[in-house]
Amino acid sequence: PQLLAGLFKDTITPALYDISSLKKQRKVDLGPFTHTVDDALPLRKAALSIFASSLEKLPGIVDVAAFMPVLAKALGDAEDIQLHAHQIVISMCARHPKYIVHAVDTFVEPLEKTMNKKAGQKTGTELERLNDWIKSSIRVMLAISKLEGAMSSSKFADFVERMKGSAKHTHTIEALENETKEL
C-alpha cells in the first residue's frame, strides 16, 4: 500500500472515479426473451474494493468528501455492489462519521429502494438472499441513525421513522437493534 501512496491522488484516483461510474450494458437474445448483461459490473466492484482498502489501510490518502457521491451511487447499484457499499458505510460510521452525516440525504433514496424490494415469486435461497440484502440496508440505516447529527436531517429522520413504522420491517429492525445492544 505504501508504494501506491505517491501515485494514488494523481493517477489512480481519477481512474477509479471513472471506473466506478462506468456502465456497459448489452442485451443478449436468449430465444423468447432477452437478458441484460452489465459488462462493467466487475470493474465497478473492483474500484469499490480499492476504495474500501484504501480507506482502511491508507486513510489519509482518499478524499473522503469526493468519495461520498461514489458511495451514494454504489448504494443504488447491483446487489453485490450494494452489499459492499453497505459494509463501507458501516465502517465509515466509525472512522469518518462527519462525512457520512453530511452525505446522509443522498443515501436515503437507494436505501429505501432496497428496503422496499418485493419478494415476488422468489423462494428458497433467492428469498433468503433478498432478506439478507434488506437486512444489510437496515443495518446501514441503524448505524447512520446513531451518528451525532444524522437525525437532524429531516429527509433521513423521516425515512427512519417510515421504516420503523412499517409493519414489513418492524420485526427485523427490532431484532437488529437488540443484536447491536448485545455486542
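Along each chain, residues carry numbers from 1 onward, in the same order as the chain's sequence is written. Since the coordinates come from a predicted model, pLDDT governs what is reported: local features require at least 70, and pairs of side-chain atoms require 80 or more to be given and counted, while whole-chain, interface and lining totals use all residues. Only hydrogens and water are removed before side-chain values are computed, so all heavy atoms of the structure are retained for them.

A.B. asks: Please clarify how the overall build of the protein should be interpreted in this entry.
C.D. replies: Put simply, DSSP H or I for four residues or longer makes a helix, DSSP E for two residues or longer makes a strand, and each gets a number counted from the N terminus. On a plain count of helices and strands, the protein comes out with eight helices and two strands. Listed by position from the N terminus, the elements making up the protein come as α-β-β-α-α-α-α-α-α-α. Relative to a compact globule of 183 residues, whose C-alpha radius of gyration would be 16 Å, the protein shows 18 Å and is just as compact. Each principal axis of the C-alpha distribution contributes one length, and for the protein these read about 55 × 50 × 30 Å. Scored against the burial criterion, the 183 residues of the protein give a buried share of 38%. Contact definition: two residues touch when any of their heavy atoms are within 4.5 Å. Of the contacts formed within the protein by residues at least 6 apart in sequence, a portion of 61% connects residues at least 24 apart. Surface exposure here means Shrake-Rupley accessible area, sampled with a 1.4 Å probe, where a residue is shielded only by the protein chains that are shown. With the model as given, the accessible surface of the protein reaches about 10,700 Å², and the carbon-plus-sulfur share is 55%. Radius of gyration: over C-alpha atoms. The globule rule applied is 2.2 Å multiplied by the number of residues raised to the 0.38 power. Summary of the burial criterion: residues with accessible area below 20% of their type's maximum are buried, those above 50% are exposed, and those between are partly exposed, where the area comes from a 1.4 Å probe applied to protein chains only.

A.B. asks: Help me out: how do you make sense of the environment of Thr-172 in this one?
C.D. replies: Its place among the elements puts Thr-172 in helix α8 (residues 167–182). Residues Thr-172 and Ile-138, 34 residues apart in the sequence, show an inter-C-alpha distance of 8.1 Å. Excluding residues within four positions of it along the chain, Thr-172 makes contact with Lys-135 and Ile-138.

A.B. asks: Would you mind going over the side chain of Asp-38 with me for this structure?
C.D. replies: Looking at the secondary structure, you find Asp-38 in strand β2 (residues 34–38). A distance of 3.1 Å separates the side chain of Asp-38 from the backbone nitrogen of Ala-40, its partner in a polar contact. Those residues in contact with Asp-38 that sit more than four places away from it in its chain are Lys-23, Lys-24, Gln-25 and Arg-44. Think of a polar contact as two N or O atoms within 3.5 Å of one another; within protein, one of them needs to be a possible hydrogen donor and the other a possible acceptor, and neighboring residues in sequence only count if both atoms come from side chains.

A.B. asks: Honestly, the environment of Lys-113 in this entry has me stumped. Any pointers?
C.D. replies: Tracing the backbone shows Lys-113 in helix α5 (residues 97–115). By relative accessible area, Lys-113 is classed as exposed at 60%.

A.B. asks: Mind showing me how you'd approach the pattern of salt bridges here?
C.D. replies: Where charged atoms from two side chains of opposite charge approach closely, those side chains can pair. When a carboxyl oxygen of Asp or Glu is within 4 Å of a side-chain nitrogen of Lys or Arg, the pair counts as a salt bridge. Taken as a whole and assessed by the stated rule, the structure comprises eleven salt bridges. Residue Asp-38 pairs with Arg-44 through a salt bridge whose shortest N-O separation is 2.6 Å. You'll find Asp-38 and Arg-44 in the same group, each marked buried. Taking the shortest distance from any N to any O, the salt bridge between Arg-129 and Asp-80 comes out at 3.0 Å. Pair noted here: Arg-129 is in helix α6 (residues 124–145) and Asp-80 is in helix α4 (residues 79–95), with a separation of 49 residues, a long-range link. Accessibility expressed as a relative area gives 45% for Arg-129, which makes it partly exposed.

A.B. asks: What am I meant to see in α6 here?
C.D. replies: Since one α-helical turn is 3.6 residues long, residues separated by three or four positions face the same way. If you check α6, its first and last C-alpha atoms are 32 Å apart, about what 22 residues at 1.5 Å a residue would give, namely 32 Å. Within α6 the residues assigned to the buried category are Leu-130, Trp-133, Ile-134, Ser-136, Ser-137, Ile-138, Val-140, Met-141, Leu-142, Ala-143, Ile-144 and Ser-145. In a helix, the anticipated span is given by 1.5 Å times the number of residues less one.

Read these as geometric descriptors, not functional statements.
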